[in-house]
Amino acid sequence: MAIALINSSGKIAASGPSSGSNCTFNATGSNLVVSGGAQGNFESGALAAITPSDSLTNTWTSLTKREGFTSWRSAAQLFYVLSPSVGSGQTFNVSSSDNTAIGAAGFSGVAAFGAESAGGTSAGTTTQPGSLTPSEDGCLLIAFLCYCRNTGDPTVTIDNSFTILYQGASNGQYVACFAYKVQTTAAAINPTWTHDNDFGSSVPSVSTMAYWTPAASATLPGPRNYRQAVKRASFY
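Residues numbered from 1 in each chain as written. Predicted model: local features only at pLDDT ≥ 70, side-chain atom pairs only at ≥ 80, totals over all residues. Heavy atoms only, no water.

## Looking at the overall build of the protein
Here's step 1: The number of helices and strands found in the protein is 1 helix and 18 strands.
Here's step 2: Per-residue burial for the protein yields a buried fraction of 49% across its 236 residues.
Here's step 3: Taking all contacts inside the protein whose residues are at least 6 apart in sequence as the whole, residues at least 24 apart take part in 78%.
Here's step 4: Looking at the protein as shown, the accessible area adds up to about 10000 Å², and 50% of this sits on carbon and sulfur atoms. (Helix = DSSP H or I, 4+ residues; strand = E, 2+ residues; numbered from the N terminus. Buried < 20%, exposed > 50% of the residue type's maximum accessible area, 1.4 Å probe, protein only. Contact = heavy atoms within 4.5 Å. Areas by Shrake-Rupley, 256 points an atom, 1.4 Å probe, with all protein chains shown as cover.)

## What to know about unusual backbone geometry
Here's step 1: Positive phi values are uncommon outside glycine, yet threonine 57 reaches one of about 55 degrees.
Here's step 2: Mapped onto the elements, threonine 57 comes out in the loop between strand E4 (51-54) and strand E5 (61-62).
Here's step 3: In this structure, serine 83 is a non-glycine residue whose phi angle is positive, near 50 degrees.
Here's step 4: For serine 83, the position within the fold is in the loop between strand E7 (73-82) and strand E8 (90-95).

## Considering the sheet that holds E4
Here's step 1: Spatially, E2-E8-E4 is the arrangement adopted by the 3 strands of the open sheet, whose pairing is antiparallel. The strands lining the two open edges of the sheet, one partner per strand, are strand E2 (21-25) and E4. Ignoring strand direction, the axes of neighbouring strands in this sheet form an average angle of 15 degrees.
Here's step 2: As judged from the 4 bridges shared by E4 and E8, these two strands associate in the antiparallel manner. In the sheet register, threonine 51 faces E8, and the bridge partner there is serine 95. (Pairing = 2+ DSSP bridges. Axes fitted to C-alpha atoms, helices over the stretch in contact; angles between N-to-C directions.)

## Topic: the pattern of salt bridges
Here's step 1: Overall, the coordinates contain 1 salt bridge when judged by the stated rule.
Here's step 2: Note that arginine 66 and glutamate 116 form a salt bridge whose closest N and O atoms lie 3.7 Å from each other. Taken as a pair, arginine 66 in strand E6 (residues 66-69) and glutamate 116 in strand E10 (residues 110-116) lie far apart in primary sequence, 50 residues in all.
Here's step 3: For glutamate 116, a relative accessible area of 23% corresponds to the partly exposed category. (Salt bridge = Lys/Arg side-chain N within 4 Å of Asp/Glu carboxyl O.)

## Observations concerning the pairing of E7
Here's step 1: Within E7, 9 of the 10 residues are buried, which leaves the element mostly enclosed by the surrounding structure.
Here's step 2: Sheet analysis places strand E3 (residues 32-41) next to E7, joined by 10 bridges and oriented antiparallel. Its bridge partner being in E7, serine 35 is matched across the sheet by phenylalanine 79.
Here's step 3: As paired elements, E5 and E7 share 2 bridges and run antiparallel to each other. Bridge pairing links serine 62 to phenylalanine 79 in E7.
Here's step 4: Where E6 lies against E7, 4 bridges are found, and the strand directions are antiparallel.

Here's what the structure looks like:
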């Protein structure tokens, strides 16, 4: 069964230190939901934990939090639920005492979590999450980026045929950039995000990536097995 996007959304972080952010979409039909938290502070202290949740009280699995630090701190982290409770108007949250933006999406046709990349940071205008090689054809890859934007809308692209589902930030806040790709043939991949960089080396950008395997397709009986099934049915 091929993996397919069901729906997605995102929301900017509140101005200044906040309790995180939330977004809402109809996740009906999804058997995987993934959210990402883009987090940062304008201080030298450690970042607070990010806690994922949703309005249908699913139990979330947290992947590794990837962090960068120069003068200020940035972090990117992915979370997911397999076989979730889903519905229309479902709200997804990332909560933290630090400024945190969210991107989230639902997918169908997913079997299991695969692996995550080592993550990557940058003080420039390009950031990579680290190379990852899916275990089989047809896997879902999610790439997530956090960086800080000073004024105006973010300007972000990603290569390797990823599709950006959400990118957003408020002035002087951390941008959440959420992208996906269903990889036809399994191969090593390390996409490059290209983005603006208002703060230079003061605020590093951070990226992470993970993949999930596809559900097995139903196998139709071959001609010989089909004839045998017909004979058995005729016997009864």
